[in-house]
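Remarks on the overall topology
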Amino acid sequence: MQEAYKELKFRLAELSHIGAATSLMGWDQQVNMPPGGAEVRGKQMATLAKIGHEKFIDKKVGELLEQLKPMEEEKGYESVEGSVIRLTRRNYNKAVKVPPEFTARAQKAESESFDVWIKARPANDFKRVQPYLQTNFDLSKEYADFFPGYEHPLDPLIDGYEYGMKAAKIREIFSELRKELVPVVESILSQEPEYFSFMKKIFPGDQQIAFGESIIKEFGYDFNRGRQDMAPHPFTQGTSIGDVRITTRVHEDNFSSAMFSTFHEGGHAMYEQGCDTVFEGTPVRGGTSLGVHESQSRLWENVIGRSMPFWKHNYPRLKQHFPEQLADISLDKFYRGINRVERSLIRVEADEVTYNLHVMMRFAFECDVLDGKLAVEELPEAWKDRMESDIGIRPADDKDGVLQDIHWYSGIIGYFQCYTLGNIMCSQFYDAALKAHPEITDEIGQGKYDTLHNWLKEKIYQHGHRYTANELLKNITGDELTIKPYMNYIKTKYGELYDLL
Ligand code: ZN
């Protein structure tokens, strides 16, 4: 039995090495690669993805999993061995349903599509990328059809990001959230907006990076096992527990963009850096679901990084980086500025209150396109209409509309709900942390994050993929997914900011 487990681990380690090479190529594609490399890079990644897939669905892996059933039972659900075997079986049972030829084709299409989108977005040219987007949606449907019996074609896709979650459940949560959120949005947006001219001043990029990096270092991001580079769309890429990289982008006329994206990606990366090394080279490494992942990035970005205690301590320091830009700006004004709620076009720049409406819209479009209710070519207009009815602002072009997010253009469909699920779970987890350690708020006011970081490591990070999102929630909070703590957070924070109480 031990031999079979060793053999399985050896094979999983090899697969993780191939996966790491593919992911490093993907990182390079967005960070370093000269444009001339794009065409062949897509093929290189497709080849590696196919090799990895073929190796994984090898009959021998199935036989090993069969042999290891008694060990899995004997060691138990929470054990390292039990978790590795269970996760491998779950992934294997899915992977055998998908032909490696499809994996290669999808990977190649994704790279090509990404490459066209990179040029089409600044050129505001949806037509140019439309056929690629069509292919990505077609491939998603094709993938879903490898899992017949689904309730909704989005379900098998969602399952890859949020195990066990279904479109119907998301619809239910979203409609509940919408009911609570829309009145808050409306009462804020009906007020006379306060103007924060300092937010639009020029903040030198190198200072923005220096400040952001010094903060995430204090949060606990380990630069010895990570680095930050520039990319068109911020992301985190881990090839092992010892190498979890983040990226950001700098807009000198919008300093909050790089800063909060650094906090955000730093949160993702700390999660992956905090995984127990016993899971290195196995599918248990990483985060449990993309929703939980988002809960961890949003915690540092929003709940900590946009809070008054955090800025009480760090605002004087930020002023040292930008003495002229922030000269006459009080802490209170600054706090209101970085938390202002407004009608805005870009999801990643949106405030905490309207953010979820951006997500709900994308999720609805994915459902509609896969259901055949909406054609890909209709997306740009549908996008503008929905922005107008939901957020009260109509994009003038597609660049700030349907072309804004990287996801669909790099083949990621069925993902957007993770952001909102992340917001919801974030509040549930943070409430549990505060209950266990009420001193956390005061510590943040002193620039100390150890208690919180250690609690997260113990309760969430170290387990990687051992538990499902629901199991984690139950273990930590005693509850299932519930919007109550999140709405409580929004109503308290923004109630104070906008005198809604
Ligand atoms: Zn994120």
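Residues numbered from 1 in each chain as written. Predicted model: local features only at pLDDT ≥ 70, side-chain atom pairs only at ≥ 80, totals over all residues. Heavy atoms only, no water.

**A word on unusual backbone geometry**
Rules: The cut-offs for exposure are 20% and 50% of the maximum accessible area for each residue type, with area from a 1.4 Å probe on protein chains only; residues under the lower value are buried, those over the upper are exposed, and the others partly exposed. A run of H or I in DSSP becomes a helix once it reaches four residues, and a run of E becomes a strand once it reaches two; helices and strands are each numbered from the N terminus.
At Asn-124, a residue that is not glycine, the phi angle is positive and equals roughly 55°. For Asn-124, a relative accessible area of 31% puts it in the partly exposed group. In this structure, Asp-499 takes a positive phi of about 50° despite not being glycine. Among the structural elements, Asp-499 can be located in the segment after helix 21 (484–497). Judged by relative accessible area, Asp-499 falls into the exposed class, the value being 69%.

**Structural notes on the domain arrangement of the protein chain**
Note the threshold: Note that domain bounds follow an automatic or database assignment of domains. Should any heavy atoms of two residues lie within 4.5 Å, those residues are considered in contact. Throughout, buried area stands for the accessible area (probe radius 1.4 Å) lost by two parts on being put together, summed over both.
With domains assigned, the protein chain is organised as domain 1 (2–133) and domain 2 (167–498). Using C-alpha coordinates to define each centre, domain 1 is positioned 26 Å away from domain 2. Facing 36 residues of domain 1, the contacting portion of domain 2 comprises 41 residues. Each partner contributes to the roughly 3,300 Å² buried at the junction of domain 1 and domain 2, and carbon and sulfur atoms together form 64% of this total.

**Describing the nonpolar core**
This is how the line gets drawn: The criterion is simple. A nonpolar core is a set of buried Ala, Val, Leu, Ile, Met, Phe, Trp, Tyr and Cys residues joined through side-chain atoms within 4.5 Å.
In this structure, Phe-219, Trp-300, Ile-304, Leu-318, Phe-334, Leu-379 and Trp-408 are the most contacted members of the largest nonpolar core, which totals 116 residues. Per element, the largest residue contribution to this core is 11 residues, and it comes from helix 15 (residues 352–371). For this core, the two domains that each supply at least three residues are domain 1 (2–133) and domain 2 (167–498). Ignoring anything within four residues of it in the chain, the contact list for Leu-318 reads Phe-211, Phe-255, Met-259, Trp-311, Leu-326 and Phe-334. Core analysis: the next-biggest nonpolar cluster, separate from the first, contains 20 residues, Ala-4, Val-61, Met-71 and Val-284 among them.

**Here's the deal with the pairing of strand 3 (residues 243–248)**
Let me state the cut-off plainly: Here the rule is simple: two strands pair whenever DSSP picks up at least two bridges between them.
Buried residues dominate strand 3, accounting for six of its six residues. Covered by surrounding structure in strand 3 are Asp-243, Arg-245 and Thr-247 together with Val-244, Ile-246 and Thr-248, the residues of both alternating faces. Inspection of the sheet shows strand 1 (residues 228–230) paired to strand 3 by three bridges, in the parallel sense. For Asp-229, the partnering residue across the bridge sits in strand 3 and is Thr-247. Judged from the four bridges that link them, strand 2 (residues 236–240) and strand 3 form a sheet pairing that is antiparallel.

**So, the pairing of strand 2**
Of all five residues making up strand 2, four are buried, and the element is well covered by its neighbours. Following strand 2, the chain reverses through two residues before pairing antiparallel with strand 3.

**Some words on helix 15**
Side chains of residues three or four places apart in an α-helix project in the same direction, reflecting 3.6 residues per turn. How we decide: Here the expected span of a helix is defined as 1.5 Å times the quantity of residues minus one. Pairs of N or O atoms within 3.5 Å make up the polar contacts considered here, provided that, within protein, one atom can donate a hydrogen while the other can accept it, and that residues adjacent in sequence are counted only when both atoms are side-chain atoms.
Compared with the 28 Å implied by 1.5 Å per residue over 20 residues, the 30 Å span of helix 15 between its first and last C-alpha is a close match. In terms of burial, helix 15 is largely enclosed, as 17 of its 20 residues are buried. The backbone nitrogen of Val-353 has a side-chain oxygen 2.9 Å away, supplied by the residue at the start of helix 15, namely Asp-351. One or two positions beyond helix 15, positive phi appears at Gly-372, with a value near 80°.

**A few points about the coordination of the zinc ion**
Selection criterion: Each metal's donors comprise the N, O and S atoms found within 2.8 Å of it (within 3.2 Å for Na, K or Ca). Water is not part of the atom list, so some coordination spheres may appear incomplete.
Around the zinc ion, the protein supplies His-264 (NE2), His-268 (NE2) and Glu-294 (OE) as donor atoms, at distances of 2.1 to 2.2 Å. Between consecutive donor residues of the zinc ion, the sequence gaps follow H-x3-H-x25-E. Taken together, the positions of His-268 in helix 11 (residues 255–273) and Glu-294 in helix 12 (residues 290–304) put the pair 26 residues apart, joining distant regions of the chain. We note that His-268, like Glu-294, is buried.

**Details of the packing of aromatic side chains**
Going by this rule: Stacked, tilted and edge-to-face pairs are distinguished by plane angle, under 30 degrees for stacked and over 60 for edge-to-face with tilted covering the rest, among Phe, Tyr and Trp rings (Trp via its six-membered ring) whose centres lie within 6.5 Å. Note on criteria: charge over ring means Lys NZ or Arg CZ within 6 Å of the ring centre, with the direction from the centre no more than 35 degrees off the ring normal.
Inspection of every chain in the model, using the stated rule, returns 35 aromatic pairs. Their ring planes at 90° and their centres at 4.9 Å tell us that Phe-219 and Tyr-449 sit as a pair that is edge-to-face. Note that Phe-219 is positioned in helix 10 (residues 205–219) and Tyr-449 in the loop between helix 18 (440–445) and helix 19 (450–459), a separation of 230 residues in sequence. What makes Tyr-449 buried here is its relative accessible area of 2%. A cation over a ring is seen here: Arg-245 above Trp-27, with NZ or CZ 4.4 Å from the ring centre. The positively charged end of Arg-362 is found above the aromatic ring belonging to Phe-416, 5.6 Å away from the centroid.

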